[in-house]
Amino acid sequence: MRAERTEIAGDIALRFGEYRKAGILDGEPFEGGGTKTIQFVRTPEGWRIAAFSWYDQP
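First, a word on what this report is: a plain description of the structure on this page. (Residues numbered from 1 in each chain as written. Predicted model: local features only at pLDDT ≥ 70, side-chain atom pairs only at ≥ 80, totals over all residues. Heavy atoms only, no water.)

**Looking at the pattern of salt bridges**
Then, number 1: Overall, the coordinates contain 4 salt bridges when judged by the stated rule.
Then, number 2: Here Glu 7 ties to Arg 5 by a salt bridge, and the two come within 3.0 Å at their closest N and O atoms.
Then, number 3: One salt bridge connects Arg 42 with Asp 11, and the closest N-O pair in it is separated by 3.0 Å. With Arg 42 in strand S3 (residues 28-43) and Asp 11 in the loop between strand S1 (4-9) and strand S2 (12-25), this residue pair connects regions lying 31 residues apart in the sequence.
Then, number 4: Assessed through its relative accessible area of 40%, Arg 42 is described here as partly exposed.
Then, number 5: The exposure class of Asp 11 is partly exposed, given its relative accessible area of 47%. (Salt bridge = Lys/Arg side-chain N within 4 Å of Asp/Glu carboxyl O. Helix = DSSP H or I, 4+ residues; strand = E, 2+ residues; numbered from the N terminus. Buried < 20%, exposed > 50% of the residue type's maximum accessible area, 1.4 Å probe, protein only.)

Okay, structure coming up:
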């Protein structure tokens, strides 16, 4: 299940989300997921990313 939410306070916004991923790592298939956050600031030109972070679940 994918969960997301966005909180806005004035000219700052924070987006929280969960993600899933799958692929090949060192020749072996893998699956995983985690949480990501993206912080935005509103500028005269529009919303811009100020910070991005993620945490892979073990």
